[in-house]
Amino acid sequence: MMGFNFDNSYLSLPDEFYSKIDLNKVANPKLFILNENLAKELNLNIENLKDKEGVEILSGNKKVSGGSYIAQAYAGHQFGYFTMLGDGRAVLIGEHIVDNKRYDIQLKGSGQTPYSRNGDGRAVFGPMLREYLISEAMHKLNIKTTRSLAVVTTGEDVFRYTRKKGAILTRIAKSHIRFGTFEFAQRLLGYEETKLLADYTIKRHYKDLENEEDKYVKFLYEVVKNHAKLVASWQSIGFIHGVMNTDNMTISGETIDYGPCAFMDTFNKNTVFSSIDTQGRYSYKNQPIMAYWNLCRFSESLLLLIDKDKDIAVKKASETVYKFHELFEKNYIKLMKNKLGLIKDNQKDKNLIQNLLDLLEKYEIDYTNFFVNLTYENLDELEIFKIEELNFWKNEYMSVLNSQKISKEEIFDIMKKSNPVFIPRNNIVQDALDEAENGNYTPFMKILKDLENPFDYNEDTKKYSKVPRKTKYPFKTYCGT
Ligand code: AMP
Ligand code: MG
């Protein structure tokens, strides 16, 4: 009836990898939003999902036949320390197959599981709207991400310092296998279980490697490559994840777990948004370093599979993970060059980018707007280029740009595709979420609509380039989600 087509391959793993979950019913579920475009892509029945039975399913009040209903076990390094975790407030309905592709369909905020520790297993309306909005924004900004199919309000209150409205998000992911799933297998189960998980993951995400020699090293390399690409795309767009713990890193290379994340306004390498990140471990500038650190932890969980000889295994793994730095830089420079319309290679490229970032920071310039202006405005008329140092940079930039001998149209085309006019800025998102929590959904819906085409430059999207007022206190996102 809903169009689900489940195949639950995760159940083929040993029992320790998951726990079967009974329904945790909620009082009065109501559909707040259904992502109809995504539902269409997944070949689901939109009308039925919006109906009473659909909402019962999206709130976890009713099971879909064929679903697996499991909470997954995993561990992870949180802010540097190893901990046992697991889906404490999520349930995997099942793996939906469409066009030969497999998607996890998971309810987040669906109640307690054996991994809940002291948590209530629930989620709050505002943060679930935030995840819905930011994940869809990331998707439209061409950054690999899990997606959001729906938000349902539960009709129940959740307590986070104060009473909040409860909600459940339906999350869609290529899979929910995390670096932490491997750490769990290796540290808390054993060699056999880790091998089974690795073989399962290779079959699911990196099938071409299945019969390769040295397949575990090659698997590690693919994950390194994907994360070099992913984090480069975060850096180029000014996205700060906020909690890059190893349990929040997917093997598939999709961004996951939108908690205290945000987009940077004024360029500052030290920006941190998470209220719990007091040391700045996951600041903007540290993201590539932390991705590398996380990959090191992931690689450690593969050592026994890579080679029986410990020294050989360590050598192979560390050489593979070390390639992250080069891969990251290559991806990042390419993305930044696209933003500047630099199509050909020039030995000045790297300096040009570095000097620009230093100046953006020094003169506290808005990151997104700078590139929008560079793309669409007459540079001679731009105020910022009245600043001597920036004018000097502009002249250098123009000389490299002109030396390319590439048509203006071609340059404009690549810059337009690389420089979003609209990013979900913190102040706009926060205002919309505050309104939504008070029952006014118009601003939230408006942002979602504008998100459809973040690279369109028009009167409507231009208003998003208004730089938020400066406050004495930096913007912080809180984890009490
Ligand atoms: P996160 O910070 O969202 O990545 O979550 C870290 C861990 O805490 C995961 O194991 C979550 O399942 C668990 N968790 C977060 N919130 C809750 C909650 N309200 N109840 C139970 N477990 C939770
Ligand atoms: Mg998490």
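Conventions adopted
Along each chain, residues carry numbers from 1 onward, in the same order as the chain's sequence is written. By the order in which they are written, chains take letters starting at A while ligands take numbers starting at 1. Whole-chain, interface and lining totals are the exception, using all residues; otherwise, since this is a predicted model, local features are given only for residues with pLDDT of at least 70 and side-chain atom pairs are given and counted only at 80 or more. Remark: hydrogens and water are excluded; side-chain values derive from all non-hydrogen atoms of the structure. In this description a helix means any DSSP run of H or I spanning at least four residues, a strand means any run of E spanning at least two, and both kinds are numbered starting from the N terminus. Each residue is tested against the molecule or strand, and it is near if at least one of its non-hydrogen atoms lies within 4 Å. Pairs of N or O atoms are called polar contacts if they sit within 3.5 Å, as long as, within protein, a hydrogen donor faces a hydrogen acceptor (for residues adjacent in sequence, only side-chain-to-side-chain pairs). All accessible-area figures derive from a Shrake-Rupley calculation using a 1.4 Å probe, and residue coverage is judged against the displayed protein chains alone. Lys, Arg, Asp and Glu make up the charged group, whereas Ala, Val, Leu, Ile, Met, Phe, Trp, Tyr, Cys and Pro make up the nonpolar group; the residues left over, Gly among them, are polar. Delimitation of the domains relies on an automatic or database domain assignment. Expected span of a helix, by definition, is 1.5 Å for each gap between consecutive residues, and there is one gap fewer than residues. Remark: exposure states derive from per-residue accessible area (1.4 Å probe, protein chains only) relative to the maximum for the residue type, with buried under 20%, exposed over 50%, and partly exposed in between. This arc is built from the directions going out from the helix axis to the C-beta atoms. Residue contacts are counted whenever heavy atoms from the two residues lie within 4.5 Å of one another. Each metal's donors are the N, O and S atoms within 2.8 Å of it, or within 3.2 Å when it is Na, K or Ca, and because water is not part of the set, sites may look incomplete. Angular values range over 0 to 180 degrees, each being the angle between N-to-C directions of two axes fitted as lines to C-alpha atoms, with helices fitted over their stretch in contact. Crossings are assigned a handedness: left-handed for a near helix turned anticlockwise from the far helix by less than a right angle, right-handed for a clockwise turn. A carboxyl oxygen of Asp or Glu within 4 Å of a side-chain nitrogen of Lys or Arg is what we treat as a salt bridge. The definitions used throughout rest on a 1 Å grid laid over the protein atoms alone, on which a cavity is an enclosed set of points accommodating a 1.4 Å probe that cannot get out and a pocket is an open set flanked by protein within 12 Å on both sides along at least five of seven lines; lining residues are those having an atom within 4 Å of a point. Grid points are joined across faces, edges and corners, and a volume is the space filled by probe spheres set on the points. For any pair of parts, buried area is found by adding up, for both, the accessible area (1.4 Å probe) each one loses once the two are put together.

**Student:** Explain the environment of Asn378 to me, using residue names and the numbers behind them.
**Tutor:** Tracing the chain through its elements places Asn378 in the loop between α12 (367–376) and α13 (388–403). Distance in space between the C-alpha atoms of Asn378 and Ile423 is 22 Å, their sequence separation being 45 residues.

**Student:** Tell me about the site of ligand 1, and name the residues and values.
**Tutor:** Neighbouring residues of ligand 1: 17 residues in total, closest Gly86, Gly88, Asp120, Gly121 and Asp257. One nitrogen or oxygen atom from the side chain of Asp257 is found 3.0 Å from an oxygen atom belonging to ligand 1. Bound to the protein, ligand 1 loses 79% of the 490 Å² it would expose on its own. Tallied by class, the residues present in the shell around ligand 1 amount to 2 nonpolar, 7 polar and 8 charged. Residue contributions to the shell around ligand 1 reach at least three from each of two domains, namely domain 1 (9–173) and domain 2 (177–419).

**Student:** Account for α13, naming residues and giving values.
**Tutor:** Taking 1.5 Å of rise per residue, 16 residues should cover 22 Å, and α13 covers 23 Å from first to last C-alpha, within 8% of that figure. Buried within α13 we find Leu390, Trp393, Lys394, Tyr397, Val400 and Leu401. Down the axis, α13 shows its buried residues gathered within 130° of arc, on one side only. Exposed residues pointing more than 90 degrees away from the buried face of α13 are listed as Glu388, Phe392 and Asn402. Next to the buried residues of α13 lie α10 (310–340), α11 (349–362), α12 and α14 (408–418). At the C-terminal side of α13, Lys405 shows a positive phi close to 55°.

**Student:** Lay out the coordination of the magnesium ion (ligand 2) in plain terms, naming residues and giving numbers.
**Tutor:** Protein coordination at the magnesium ion (ligand 2) comes from Asn248 (OD1) and Asp257 (OD), with a distance range of 1.8 to 2.2 Å. The pair Asn248 / Asp257 is uniform in exposure class, with both members buried.

**Student:** Quick rundown of the packing of helix α5 (residues 179–189) against helix α8 (residues 287–300)? Include the residues and the values.
**Tutor:** For the pair α5 and α8, interaxial distance at closest approach is 8 Å and the crossing angle is 35°. Handedness of the crossing formed by α5 with α8: left-handed. Mapping the contact onto sequence places Phe179, Phe182, Glu183, Gln186 and Arg187 in α5 and Asn294, Leu295, Arg297, Phe298 and Glu300 in α8.

**Student:** How would you explain the pattern of salt bridges if you had to name every residue and give the values?
**Tutor:** According to the stated counting rule, one finds 36 salt bridges in the structure shown. Between Glu53 and Lys62 there is a salt bridge, with its nearest N and O atoms 2.8 Å apart. Here Glu131 and Lys108 are joined by a salt bridge, their closest N and O atoms 2.7 Å apart. Taken together, the residues span a long stretch of sequence, with Glu131 in helix α4 (residues 125–140) and Lys108 in strand β7 (residues 101–108) at a distance of 23 residues. The burial state of Glu131 is the same as that of Lys108; both residues are buried.

**Student:** So what's going on with the environment of Leu401? Which residues, and what values?
**Tutor:** As for its position among the elements, Leu401 is in helix α13. On the accessibility criterion, Leu401 (11% relative accessible area) is buried. Sequence separation between Leu401 and Asn378 is 23 residues, and the spatial gap between their C-alpha atoms is 15 Å.

**Student:** Summarise empty space enclosed by the protein; cite the residues concerned and give the values.
**Tutor:** What the rule picks out here adds up to 3 cavities of 30 Å³ or more. Of the pockets and cavities examined, the largest cavity occupies roughly 70 Å³. Around the largest cavity, the lining residues are Ile21, Asp22, Leu23, Asn24, Gly60, Tyr69, Val91, Leu107, Ser110, Gly111, Gln112 and Thr113. Tallied by class, residues from the lining of the largest cavity come to 5 nonpolar, 6 polar and 1 charged.

**Student:** An account of the domain arrangement of the protein chain is needed here, citing residue identities and associated values.
**Tutor:** One widely used convention gives an interface's size as the accessible area the parts lose upon coming together. Considered domain by domain, the protein chain is made up of domain 1 (9–173) and domain 2 (177–419). With 35 residues of domain 1 at the contact, the number on the domain 2 side is 41 residues. Of the roughly 3,300 Å² buried at the junction of domain 1 and domain 2 (both faces included), carbon and sulfur atoms supply 63%. The interface formed by domain 1 and domain 2 contains 5 salt bridges. A salt bridge links Arg178 to Asp87; the shortest N-O distance between them is 3.9 Å. Where domain 1 meets domain 2, there are 13 residue pairs in polar contact (both at pLDDT 80 or more). Elements supplying a minimum of two residues to the side of domain 1 that touches domain 2: β4 (75–78), β5 (81–84), β7, α4 and β10 (162–173). At 5 residues, the largest contribution of residues to the side of domain 1 that touches domain 2 is made by α4.

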